[in-house]
Amino acid sequence: MPLIKRGAIAIIIVADDIAEQAWDDANENFKRGTFDIEGGPNSTVNTKVPVLWLHKNAKNVFTNGSVNIEANLIVEKYPYPSVNIIGKIAGTDPTLKSEYLLYSGHQDAHGIRNAINNDSTYYGADDNGSVDVAMLANARAFVKYPAKRSVLFVIQGAEERGLLGSRYFTSHPTVPITSIVAVLNGDMIGRNHIDSAAVLGTQIPHRNSDDLAKMVNDANNEGPKFKLDTTYDKVTHLEGWYFRSDHLPYARLGIPAIMYTSLLHDDYHTPLDNAENINYPKLKKMADWMYRTGYKVANAAKRPNANKNFKLER
Ligand SMILES: [Zn+2]
């Protein structure tokens, strides 16, 4: 974007060794084009500036003096539907029921793609069916034992296409945005060792509510007692995951937000992310952790604070 602001009319990126290794995966993603919300907020796609990515051997050509490239670019645009699925459970307290705890998880995966072991269906059981079923279990518990505050369940669309569902919800909220007291987002919670998990949003600079961070940790200590990996909040972490899931648009508005995950695995974004490979006892523990946190938030006398000095690194 800075290059476009400075007047670039086209951008050519030449792969280095690392980008060259990622070529096949990226090619698979980019041949579907890019996605955005039509006329939407925080629009990041500028279709007027073509970006070309060349193999690393193109570097030789560019370093040998001036080069002319002739390219015929055809830009096509078409609408592609997605939905946020929203459920609401009313609170019991006459005053606090006008405030909302929001559970978040995405419902999209990758559809049909390049086959691995003759299977081209990208089931998305962990990413993110695991969170969707945990949200349904949490919803069932809140129906049975309603909290003082109301609870919203937002199963977001098109997260994998650029957090589109959560960006849409935060700009077209179904309840007043200031009435959302906290966001508990989950992304992949059904894999890896049963004793360990990760949480994002509890460490500086991503911690935007000391109260919510305490509730998340207390809920873990009282319930599943996971050994927690909190390193994903480090600005130096290579995954940059804090910027890749649906809590982000809420956090940017100053709403206390955290993300639960059981972290990555070799089957991530492949047809092997299927139901047979889910660790169900682990998934149950993660759902329990989300419920214990949510129960605290939805019944607390005071809503979780929003840290005043919260500032994201990008
Ligand atoms: Zn995901």
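Everything below is about the structure printed above this text.
Residues numbered from 1 in each chain as written. Predicted model: local features only at pLDDT ≥ 70, side-chain atom pairs only at ≥ 80, totals over all residues.

**Q** It is not clear to me how the packing of helix α7 (residues 210-222) against helix α9 (residues 280-299) should be interpreted in this structure. Could you clarify?
**A** The geometry of a pair of packed helices is captured by two quantities: the angle between their axes and the separation between those axes. The N-to-C vectors of α7 and α9 enclose an angle of 130 degrees; their axes lie 8 Å apart at closest approach. Considering the angle they form, α7 stands oblique to α9. Helix-helix and strand crossings are classified by hand; for α7 and α9 the assignment is right-handed. Contact residues: α7 offers M215, V216, D218, A219, N220 and E222, while α9 offers W289, R292, T293, K296 and V297. Residues belonging to the contact of α7 with α9 are distributed by class as follows: five nonpolar, two polar and four charged. (Axes fitted to C-alpha atoms, helices over the stretch in contact; angles between N-to-C directions. Helix = DSSP H or I, 4+ residues; strand = E, 2+ residues; numbered from the N terminus. Parallel < 35°, antiparallel > 145°, perpendicular 65-115°, else oblique. Left-handed = near helix turned anticlockwise from the far one by under 90°. Contact = placed C-beta atoms within 7 Å. Nonpolar A, V, L, I, M, F, W, Y, C, P; charged D, E, K, R; others polar.)

**Q** Before we go on, may I ask you to explain the sheet that holds strand β8 (residues 180-186) in this structure?
**A** The strands that make up a sheet pair up through hydrogen bonds in the backbone, lying either parallel or antiparallel. Reading across the sheet, the seven strands line up as β3-β7-β4-β8-β11-β9-β10 and stay open at both edges, with mixed pairing between neighbours. Two strands lie at the open edges of the sheet, namely β3 (85-89) and β10 (227-229), each paired on one side alone. Ignoring strand direction, the axes of neighbouring strands in this sheet form an average angle of 25 degrees. Pairing analysis gives five bridges linking strand β4 (residues 100-106) to β8, with the strands arranged parallel. Note on β8: the bridge partner recorded for Y100 is I180. (Pairing = 2+ DSSP bridges.)

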